[in-house]
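Secondary and tertiary structure notes
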Amino acid sequence: MQPQISFEFFPPRNVEGTFRLWDAVQVLAPLDPSFVSVTYGAGGTTRDLTRDVVATLHKHSGLRTAAHLTCVNATREETLAVAQEFAKAGVKDIVALRGDPPKGENSFTAHPDGFANSVELIEALADTGDFTIRVGAYPDKHPEAADMQADIDWLKRKLDAGATEALTQFFFEAETFLRFRDACAKAGIDKQIVPGILPIENWKGARNFATRCGTTIPSWVDDAFAKAERDGREDLLATAICTELCSDLIDEGVDKLHFYTLNRPELTRDVCFALGVTPKVKLEHVA
């Protein structure tokens, strides 16, 4: 079974980053993703860039494009105004998130006139009737959650508020996602939960990110990359680990995969090829 795939990109911060983003889109668009998403920087720092990239991708690439939208550092009116800009540009998909706190701050503090949390944001977006709404999910306990059940209860609230699908944080072992999927079903969640997949371009960076977001790091992954680095085979190992993870998920009935590309498309492309996902369309006009 070939899975449906989708890709996440982040908005560029400079000219070099712009070329890298468009190169990534050119490489991955022929794989016919069901959608692509564009992130929001911590603290809403890339709000304008996200808006511009989403509008451009939607207009010129032919790809169904989802915009990330957060509650950070903005009033309700400002946040919904950004959403309406997306709608006017023809973008009808939003990934609704509370958002990370601004750099230098340890915890989220709601704007006095803003949304207090992601559930309030989702409810307001759903009330407009303009969007398909996706949300985040955490197969490992979120650092701010009391326990896994609290994470699952909060996910159910987000889906009940009007979201149609959840995209998970990345993880390293299929069993992590499968246990989470079972626990969500037991809690009465019947909407689709799509595993988020991180092809490991740089183990040190991936490891640091996993530590910050509470993702469990199996000792065997640490050991494997330590050996691969000595032999200069990190890319081969990364491709093998990611392909095996995806294959195990597919064997367990998973039919959608969401790849965190980090705007570096080659490893994601190679994993998709290994899964039998081959080019279907040609992207001609991206500018």
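Okay, so let's go over this structure.

What counts, and where the lines are drawn
Residues numbered from 1 in each chain as written. Predicted model: local features only at pLDDT ≥ 70, side-chain atom pairs only at ≥ 80, totals over all residues. Heavy atoms only, no water. Helix = DSSP H or I, 4+ residues; strand = E, 2+ residues; numbered from the N terminus. Buried < 20%, exposed > 50% of the residue type's maximum accessible area, 1.4 Å probe, protein only. Contact = heavy atoms within 4.5 Å. Areas by Shrake-Rupley, 256 points an atom, 1.4 Å probe, with all protein chains shown as cover. Lys, Arg positive; Asp, Glu negative; His and termini not counted. Charge placed at Lys NZ, Arg CZ, Asp CG, Glu CD. Axes fitted to C-alpha atoms, helices over the stretch in contact; angles between N-to-C directions. Parallel < 35°, antiparallel > 145°, perpendicular 65-115°, else oblique. Left-handed = near helix turned anticlockwise from the far one by under 90°. Polar contact = N/O pair within 3.5 Å; in protein donor to acceptor, adjacent residues only side chain to side chain. Phe/Tyr/Trp six-rings, centres within 6.5 Å; stacked < 30°, edge-to-face > 60°. Lys NZ or Arg CZ within 6 Å of the ring centre and 35° of its normal. Pairing = 2+ DSSP bridges. Patch = residues over 30% accessible without salt bridge, like charges linked within 9 Å, V, L, I, M, F, W, Y side chains within 5 Å. Salt bridge = Lys/Arg side-chain N within 4 Å of Asp/Glu carboxyl O. Core = buried A, V, L, I, M, F, W, Y, C linked by side-chain atoms within 4.5 Å.

**Observations regarding the overall build of the protein chain**
- When its secondary structure is counted, the protein chain shows ten helices and eight strands.
- Structurally, the protein chain occupies a C-alpha span of about 55 × 45 × 40 Å along its principal axes.
- When burial is assessed residue by residue, the protein chain has 49% of its 287 residues classed as buried.
- Residue pairs at least 24 apart in sequence account for 79% of intrachain contacts in the protein chain once pairs closer than 6 positions are excluded.
- For the protein chain, the exposed area adds up to about 13700 Å²; of that, 48% sits on carbon and sulfur atoms.
- Counting 31 positive and 43 negative side-chain charges, the protein chain places the centres of these two groups 2 Å from one another.

**Focus: the environment of proline 11**
- Relative to the helices and strands, proline 11 resides in the loop between strand E1 (4–9) and helix H1 (15–28).
- Owing to a relative accessible area of 3%, proline 11 belongs among the buried residues under this scheme.
- Residues proline 11 and aspartate 270, spaced 259 residues apart in sequence, show a C-alpha to C-alpha distance of 23 Å.

**Things to note about the packing of helix H9 (residues 234–251) against helix H10 (residues 265–274)**
- Look at H9 against H10: their axes get within 9 Å of each other, and the N-to-C directions meet at 50°. Classified by the interaxial angle, the pair formed by H9 and H10 is oblique. In the packing of H9 onto H10, the handedness of the crossing is right-handed. Contact residues: Asp235, Ala238, Thr239, Cys242, Thr243 and Cys246 in H9; Leu267, Asp270, Val271 and Ala274 in H10.

**A closer look at the environment of alanine 67**
- Mapped onto the elements, alanine 67 comes out in strand E3 (residues 65–69).
- On the accessibility criterion, alanine 67 (0% relative accessible area) is buried.
- Sequence separation between alanine 67 and threonine 261 is 194 residues; the distance between their C-alpha atoms is 15 Å.

**Side note on unusual backbone geometry**
- The phi torsion at aspartate 32 lies on the positive side, around 60°, for a residue other than glycine.
- One non-glycine residue with positive phi stands out, namely leucine 262, at about 55°.
- What makes leucine 262 partly exposed here is its relative accessible area of 41%.

**Things to note about the environment of aspartate 255**
- Here aspartate 255 shows up in the loop between H9 and strand E8 (256–260).
- Aspartate 255 sits in the partly exposed class, given a relative accessible area of 32%.
- Spatially, the C-alpha atom of aspartate 255 lies 8.6 Å from that of isoleucine 5, the residues being 250 residues apart in sequence.
- Contact partners of aspartate 255, with chain neighbours within four places excluded, come to Met1, Pro3, Gln4 and Gln192.

**Quick look at the side chain of serine 61**
- Inspection of the secondary structure assignment puts serine 61 in the loop between helix H2 (47–60) and E3.
- A distance of 3.0 Å separates a polar side-chain atom of serine 61 from the backbone nitrogen of leucine 63.

**Some details on the packing of aromatic side chains**
- The final tally for this structure, using the stated rule, is six aromatic pairs.
- Ring geometry for phenylalanine 170 against phenylalanine 172: centres 5.7 Å apart, planes inclined by 80°, an arrangement best described as edge-to-face.
- Its relative accessible area of 1% is what places phenylalanine 170 among the buried residues.
- Here the aromatic residues Phe170, Phe172, Trp203, Phe209 and Phe225 are joined through ring pairs into a cluster of three or more.
- The ring of phenylalanine 35 carries arginine 134 above its face, with NZ or CZ at 3.8 Å from the centroid.

**As for the sheet that holds strand E6 (residues 165–170)**
- Pairing is parallel around the closed barrel formed by eight strands, whose spatial order is E1-E2-E3-E4-E5-E6-E7-E8. Recorded for the sheet is a direction-independent mean angle of 30° between the axes of neighbouring strands.

**Section: a negative patch on the surface**
- Side chains of Glu173, Glu175, Asp182, Glu244, Asp248, Asp251 and Glu252 sit close together on the surface and give a patch of like negative charge.
- Elements supplying a minimum of two residues to the negative patch: helix H6 (174–186) and H9.
- Structurally, glutamate 173 is set in the loop between E6 and H6.
- For glutamate 173, a relative accessible area of 33% corresponds to the partly exposed category.

**Some points on the nonpolar core**
- The biggest cluster of nonpolar side chains holds 80 residues, and the ones touching the most others in it are Leu155, Leu249 and Phe259.
- The residues contacting leucine 249, other than those within four sequence positions of it, are Phe171, Ala174, Phe177, Leu178, Pro195, Ile197, Val254 and Leu257.
- Listed in part, the five residues of the second largest apolar core include Phe35, Ala66, Val95 and Leu167.

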